[in-house]
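# Structure at a glance
Take a look at the letters that make up each chain.
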Amino acid sequence: MRSGAIAVVGRANAGKSTLINVIVGEKVSIVSPKPQTTRDRILAVYNEEDCQMVFQDTPGIYKAGTLLSERMQRATENASKDVDLILLLIDAHEGIKDEDKALVARFAERKIPMVVTFTKMDIMQKSVLLSAIAALGELPANVVCVTSVSSRTGKNVKKLLKILKENLPEGDPLITDDIISDKSEKFMISEIMREKILLKYDKEIPHGVAIVINEFTRRENGSYYVNLDIVCEKQNHKAIIISKQGKALKETAGFARAGMEKFLNAKVFLEVYVKVKEDWRDRPDRLKEFGYSETDKK
């Protein structure tokens, strides 16, 4: 049997969370077209009869601007150190960038086997893909394969899994086969709320939002009661989130509740409040309060 830990890394919006959700077959990470969507290191487990892959979804790599984003970048660095394989995803449908080549060199320094995979091949012309591969130039010795995949269509996903499997060491499973993620239902409920805010609102507002679950209770009839706070950084952000007569907030909460019900496979009664905590992303006490400490959380 082959088993091992795989760090999934790449620039923001490379498609890491989407690919992991497709591979595992369940929602273990939220997805949006905005950077900074993934804030945590999240484990996702994929099992076959003779193989177990423990994926580590990591925050996208970009220039840190707040204490929170600095910690997110540190989480990615730490996740890529103690693994059996690195899966580096590159979105090159508009061509390869210098940052992509720099990431290949940067993670190659780990001396850990690495698979470089171009994502979103469904929107990438073959000529662009070939040019991107050529642009990488001479690859470090620990790059065992360069391939491409489309999470949206599923093309090459099985091929990628075969490549990953072949490059994992032989050994016993790392995690029991009834577990697909290390995150709790409560954590996922907060992430689903944040995902819908990312999808609903534009510009800087979603990045300054934290979700605090005040109560997460399963009732005797099987339904759930969820009471949460949307924490933002400025009073005008609060006004935008709520909007006139609370229309935007009601729409977002309804969107989130539907996502929660799909995830929990049960009815959800959701109460949402909006609070302001100025500059919380740069305050260590607030980061700790909201679960973004320097250690793994939730």
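Cut-off values and rules
Residues numbered from 1 in each chain as written. Predicted model: local features only at pLDDT ≥ 70, side-chain atom pairs only at ≥ 80, totals over all residues. Heavy atoms only, no water. Helix = DSSP H or I, 4+ residues; strand = E, 2+ residues; numbered from the N terminus. Rg over C-alpha atoms; globule rule 2.2 N^0.38 Å. Buried < 20%, exposed > 50% of the residue type's maximum accessible area, 1.4 Å probe, protein only. Contact = heavy atoms within 4.5 Å. Areas by Shrake-Rupley, 256 points an atom, 1.4 Å probe, with all protein chains shown as cover. Lys, Arg positive; Asp, Glu negative; His and termini not counted. Charge placed at Lys NZ, Arg CZ, Asp CG, Glu CD. Axes fitted to C-alpha atoms, helices over the stretch in contact; angles between N-to-C directions. Parallel < 35°, antiparallel > 145°, perpendicular 65-115°, else oblique. Nonpolar A, V, L, I, M, F, W, Y, C, P; charged D, E, K, R; others polar. Pairing = 2+ DSSP bridges. Disulfide = S-S within 2.5 Å. Core = buried A, V, L, I, M, F, W, Y, C linked by side-chain atoms within 4.5 Å.

### A few points about the overall build of the protein
Looking only at helices and strands, the protein has 9 helices and 9 strands in total. Computed over C-alpha atoms, the radius of gyration of the protein comes to 20 Å, within 12% of the 19 Å expected from 2.2 N^0.38 for 298 residues, which places it in the range of a compact globule. The principal-axis extents of the C-alpha atoms in the protein amount to approximately 55 × 40 × 35 Å. The buried share of the protein, reckoned over its 298 residues, is 52%. Taking all contacts inside the protein whose residues are at least 6 apart in sequence as the whole, residues at least 24 apart take part in 71%. Taken as a whole, the protein presents about 14,400 Å² of accessible surface, with 48% of it coming from carbon and sulfur. Taking the 48 positively charged and 43 negatively charged side chains of the protein as two groups, their mean positions are separated by 5 Å.

### Describing unusual backbone geometry
One non-glycine residue, N13, lies in the positive phi region at around 75°. Along the chain, the position of N13 falls in the loop between β1 (2–10) and α1 (16–24). Here N13 falls in the partly exposed class, since its relative accessible area comes to 33%.

### With respect to the packing of α1 against helix α5 (residues 157–166)
Their axes nearest at 11 Å, the elements α1 and α5 cross at an angle of 90°. Here α1 is positioned roughly perpendicular relative to α5, judged by the angle of their axes. Mapping the contact onto sequence places L19, V22 and I23 in α1 and V157, L160 and L161 in α5. Taken together, the residues that form the contact of α1 with α5 break down as 6 nonpolar, no polar and no charged.

### Structural notes on the sheet that holds strand β5 (residues 114–118)
If you trace the 6 strands from one edge of the open sheet to the other, you get β2-β3-β1-β4-β5-β6, paired in mixed fashion. In this open sheet, the two edge strands, each paired with only one partner strand, are β2 (42–48) and β6 (143–148). Neighbouring strand axes in the sheet, compared pairwise and without regard to direction, differ in orientation by 20° on average. Note that β5 and β6 share 5 bridges and pair parallel. Residue pairing for β6: V116 is matched across the bridge by V146.

### Regarding the sheet that holds strand β7 (residues 210–218)
Pairing is mixed across the open sheet formed by 3 strands, whose spatial order is β7-β8-β9. In this open sheet, the two strands that pair with only one neighbour each are β7 and β9 (268–276). Sheet twist, expressed as the average angle between the axes of neighbouring strands with direction ignored, equals 15°. Where β7 and strand β8 (residues 224–232) come together, 8 bridges link them in antiparallel fashion. Residue pairing across strands places E215 opposite N227, the latter belonging to β8. Taken strand by strand, helix α6 (residues 185–200) contacts β7, β8 and β9, and its axis lies near 135° from that of β7.

### Quick word on the state of the cysteines
A disulfide bridge is the covalent bond that connects two cysteines by way of their sulfur atoms. Under the defined criterion, the tally for this structure stands at 0 disulfides. C145 provides the cysteine sulfur closest to C51, a residue in no disulfide bond, and the two sulfurs are 16 Å apart. Given the relative accessible area of 0%, C51 is considered buried.

### Observations concerning the nonpolar core
With 26 residues, the main nonpolar core has M193, L228, I230, I241, M260 and L270 as its most contacted residues. Looking at this core, the elements that each hand over two or more residues are α6, β7, β8, α8 (247–264) and β9. Per-element accounting of this core gives the leading share, 6 residues, to α8. Beyond its immediate chain neighbours, meaning those up to four positions away, M260 contacts I189, I192, M193, L228, N265, V268 and L270.

Don't take any of this as a statement about function, it's just geometry.
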